[in-house]
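The chain contents come next:
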Amino acid sequence: MKAARSARLAAALAALLLVPAARGTAESISFRADSMSGTTAENASRAVLSGNAQIRTASMEINADTIVLSGKNFRYVEASGNVNGGSSVDKTQFSCSSLSYDRKTGIAVLQDSVRLTDSANDALADAELMEYNLKKKTVIMQIAVSIRQKENTCTGAYALYHQDSKLLFLSGNPQVQQGEDTFRGQEITLNLGTQEVSIDGRVRGSVTRREDE
């Protein structure tokens, strides 16, 4: 009986998961888990995927211990426990303790021990909270922010990262260390492509002279 209910739910999910992700488009989702439960009411769909849960779309893959799909046409995704995944759009991978994702806006909020790897720009970021916008290709990072890229080690309480322009804005006691050189100020901008640093407010730092200069 339980297997029959799961089979009916899976069939209903398969029909509902090909739904508009944004106006004028459609996005299909594949899913898997050790077990599944939920309802498929037209305006209040809800599915709980438990144990080795995974969902995959054309732009995003999410793996977790538990994934909950809810809202009309399963617009909202909530993942918890050993969350990891990535975006095929911009070659980004992530891991965290919990994640919420709005399929329509393309915004994912990652919380607790968040790590984001941007392979395209050779950057690795850690923070306690990140808001990752797949459509705008921006990442807002808050609390214990640390970004490493090439010879750069960047820290601060807040960061805004634009993946396309490769610009990183830091505030909240920000610091950028490039090799043996250190830069501090109220606000710091780093171009991850050119390695150029711009500093505003209470500028200070130290630069080490190289023997070949």
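Everything discussed here concerns the structure shown above.
K.L.:
Go over empty space enclosed by the protein, please, and point to the residues and values.
P.N.:
In this structure the tally under the stated criterion is 1 cavity of 30 Å³ or more. By volume, the largest cavity amounts to about 60 Å³. Of all the secondary structure elements, the ones that give two or more residues to the lining of the largest cavity are β7 (107-118), β8 (123-133) and β9 (138-149). The greatest single-element share of the lining of the largest cavity, amounting to 3 residues, is contributed by β8. Counted by class, the lining of the largest cavity contains 9 nonpolar, no polar and 1 charged residues.

K.L.:
Quick one: what's the story with unusual backbone geometry, residue by residue and with numbers?
P.N.:
Peptide bonds are mostly trans, and most non-glycine residues show a negative phi. At Lys137, a position not held by glycine, the phi torsion is positive, near 55 degrees. Even without glycine at this site, Gln195 takes up a positive phi of about 70 degrees. Relative to the assigned elements, Gln195 resides in the loop between β14 (187-191) and β15 (197-200).

K.L.:
I'd like a description of the pairing of β14, backed by residues and values.
P.N.:
Inspection of the sheet shows strand β11 (residues 167-171) paired to β14 by 5 bridges, in the antiparallel sense. Bridge pairing links Phe169 to Thr189 in β14. As paired elements, β14 and β15 share 4 bridges and run antiparallel to each other. Across the sheet, residue Thr189 finds its bridge partner in β15, namely Ser198. Here β14 hands over to β15 after 5 residues, with Gln195 in that stretch at a positive phi of 70 degrees.

K.L.:
Can you break down the pattern of salt bridges residue by residue, with the values?
P.N.:
This structure, assessed with the given rule, holds 5 salt bridges. Here Arg115 ties to Asp126 by a salt bridge, and the two come within 2.8 Å at their closest N and O atoms. In this pair, Arg115 sits in strand β7 while Asp126 sits in strand β8, placing the two residues 11 residues apart along the sequence. Note on Arg115: relative accessible area 37%, which makes it partly exposed. Judged by relative accessible area, which is 16%, Asp126 ranks as buried. Salt-bridge contacts for Asp126 lead to Arg148; the nearest nitrogen and oxygen are separated by 2.9 Å. Linking Asp126 in strand β8 with Arg148 in strand β9, this pair joins segments that are 22 residues apart in sequence. Note on Arg148: relative accessible area 31%, which makes it partly exposed.

K.L.:
Give me the lowdown on the side chain of Asn63, citing residues and values where you can.
P.N.:
With respect to the element layout, Asn63 can be found in strand β4 (residues 60-70). A distance of 2.8 Å separates a polar atom in the side chain of Asn63 from a polar atom in the side chain of Gln54. Polar contacts involving the side chain of Asn63 include one to the side chain of Glu61, which spans 3.0 Å. Setting aside chain neighbours within four positions, we find Asn63 in contact with Ala53, Gln54, Asn82, Val83, Asn84 and Gly85.

K.L.:
Outline the pairing of β7, listing residues and values.
P.N.:
Pairing between strand β6 (residues 92-102) and β7: 9 bridges, direction antiparallel. Looking at β7, one finds that Ser100 is bridged to Val109. In sequence, β6 turns back onto β7 through a hairpin of 4 residues, with Gly106 there showing a positive phi of about 75 degrees. Across 10 bridges, β7 lies against β8 in antiparallel orientation. Bridged to Arg115 within β8 is Asp126. Between β7 and β8, which pair antiparallel one after the other, the connecting turn spans 4 residues, and Asp122 there sits at a positive phi close to 55 degrees.

K.L.:
Would you mind going over the side chain of Asp90 in detail, with residue names and values included?
P.N.:
For Asp90, the location among the structural elements is in the loop between β5 (76-87) and β6. No salt bridge is formed by the buried Asp90. Its closest oppositely charged neighbour is Lys137, at 5.7 Å. Here the side chain of Asp90 touches Ser87 through a polar contact of 3.3 Å, side chain to side chain. Side chain to side chain, Asp90 and Tyr132 meet in a polar contact 2.9 Å long. With residues up to four places along the chain from it excluded, the contact list for Asp90 reads Asp118, Ala120, Tyr132, Lys137 and Gln163.

About the cut-offs
Residues numbered from 1 in each chain as written. Predicted model: local features only at pLDDT ≥ 70, side-chain atom pairs only at ≥ 80, totals over all residues. Heavy atoms only, no water. 1 Å grid on protein atoms, 1.4 Å probe; cavity = no way out; pocket = protein on both sides within 12 Å on 5 of 7 lines; lining within 4 Å. Points joined across faces, edges and corners; volume = space filled by probe spheres on them. Helix = DSSP H or I, 4+ residues; strand = E, 2+ residues; numbered from the N terminus. Nonpolar A, V, L, I, M, F, W, Y, C, P; charged D, E, K, R; others polar. Pairing = 2+ DSSP bridges. Salt bridge = Lys/Arg side-chain N within 4 Å of Asp/Glu carboxyl O. Buried < 20%, exposed > 50% of the residue type's maximum accessible area, 1.4 Å probe, protein only. Polar contact = N/O pair within 3.5 Å; in protein donor to acceptor, adjacent residues only side chain to side chain. Contact = heavy atoms within 4.5 Å. Lys, Arg positive; Asp, Glu negative; His and termini not counted.

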